Amino acid sequence: CMNYILPPSYVWGNFSVLAVGIWAIVQRDSLDAIVMFLAGLLLSVLTDIIHISIFYPSHGLNDTKRFSLGMAIFSLLLKPLSCYLVYRMYRERGGE
């Protein structure tokens, strides 16, 4: 649904953060993986705000596009909680 309104860079950015997150979960002893995941999440919050604010249409929204944008905004609202939880994982793994 994301390809209706938001550009492919939005999708690729979020999928790459997801891939780094899977890597961080799989390698429990790696501090680098969790730092990269946290940095990617923080960067994706900024880029999501930019993407949604630039590409949000002022008219002509059907139900699929409205749902798509709603899920993108919901994902953006949940990212600070994800950042906090990933930061706690970073502290548990020995980060300072």
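Residues numbered from 1 in each chain as written. Predicted model: local features only at pLDDT ≥ 70, side-chain atom pairs only at ≥ 80, totals over all residues. Heavy atoms only, no water.

Student: Is there a simple way to explain the overall build of the chain in this structure?
Tutor: Regarding its fold elements, the chain presents 3 helices and 0 strands. Taken from N to C terminus, the helices and strands of the chain fall in the order α-α-α. C-alpha atoms of the chain, sized along the principal axes, occupy 50 × 20 × 20 Å. Going through the 96 residues of the chain one by one, you find that 31% of them count as buried. Put simply, 74% of the contacts in the chain that link residues at least 6 apart link residues at least 24 apart. Summing over all exposed atoms, the chain offers an accessible surface of approximately 6500 Å²; the carbon and sulfur share of this is 68%. Averaging the locations of the 7 positively and 6 negatively charged side chains of the chain gives two centres separated by 7 Å. (Helix = DSSP H or I, 4+ residues; strand = E, 2+ residues; numbered from the N terminus. Buried < 20%, exposed > 50% of the residue type's maximum accessible area, 1.4 Å probe, protein only. Contact = heavy atoms within 4.5 Å. Areas by Shrake-Rupley, 256 points an atom, 1.4 Å probe, with all protein chains shown as cover. Lys, Arg positive; Asp, Glu negative; His and termini not counted. Charge placed at Lys NZ, Arg CZ, Asp CG, Glu CD.)

Student: So what exactly am I meant to see when it comes to the environment of V45 here?
Tutor: Within the element layout of this structure, V45 appears in helix α2 (residues 31-55). Separated by 31 residues in the primary sequence, V45 and N14 have C-alpha atoms spaced 9.7 Å apart. With sequence-adjacent residues up to four places away left out, V45 is seen in contact with L76 and K79.

Student: Got a minute to help me understand the packing of helix α1 (residues 8-26) against α2 in this structure?
Tutor: The contact between α1 and α2 brings their axes to 9 Å, and the two run at 160°. The pairing of α1 with α2 is recorded here as roughly antiparallel in orientation. In this structure, the crossing between α1 and α2 has a hand that is left-handed. Touching S9, Y10, N14, V17, V20, G21, W23 and A24 of α1 are A33, I34, M36, F37, G40, L41, S44, D48 and H51, all from α2. Of the residues assigned to the contact of α1 with α2, the class counts are 10 nonpolar, 6 polar and 1 charged. (Axes fitted to C-alpha atoms, helices over the stretch in contact; angles between N-to-C directions. Parallel < 35°, antiparallel > 145°, perpendicular 65-115°, else oblique. Left-handed = near helix turned anticlockwise from the far one by under 90°. Nonpolar A, V, L, I, M, F, W, Y, C, P; charged D, E, K, R; others polar.)

Student: I keep staring at the packing of α2 against helix α3 (residues 63-92) and nothing clicks. Help me out?
Tutor: The description of two helices packed together rests on the angle between their axes and the distance between the axes. For the pair α2 and α3, interaxial distance at closest approach is 10 Å and the crossing angle is 160°. The orientation of α2 relative to α3 falls into the category roughly antiparallel. The element α2 and its partner α3 pack so that their crossing is left-handed. Seen from α2, the contacting residues are L31, I34, V35, F37, L38, L41, L42, S44, V45, D48, I49 and I52; seen from α3, they are A72, I73, L76, K79, S82, C83, V86, Y87, M89 and Y90.

Student: In this structure, what is going on with the environment of V35? I would like to understand it.
Tutor: Along the chain, the position of V35 falls in helix α2. The partly exposed category is assigned to V35, whose relative accessible area is 38%. Expressed as a C-alpha distance, the spacing of V35 and Y90, which sit 55 residues apart in the sequence, is 7.1 Å.

Student: Teacher, can you tell me more about the UniProt feature "transmembrane region" (unreviewed entry) in the chain here?
Tutor: This chain's UniProt record puts "transmembrane region" (unreviewed entry) on residues 6-26, 33-55 and 67-87. In residues 6-26, helix accounts for 90% and strand for 0%; the two terminal C-alpha atoms are 30 Å from one another. Secondary structure within residues 67-87 divides into 100% helix and 0% strand; the distance between the first and last C-alpha atoms comes to 30 Å. (UniProt positions renumbered as here; feature names shortened; annotations may be inferred.)

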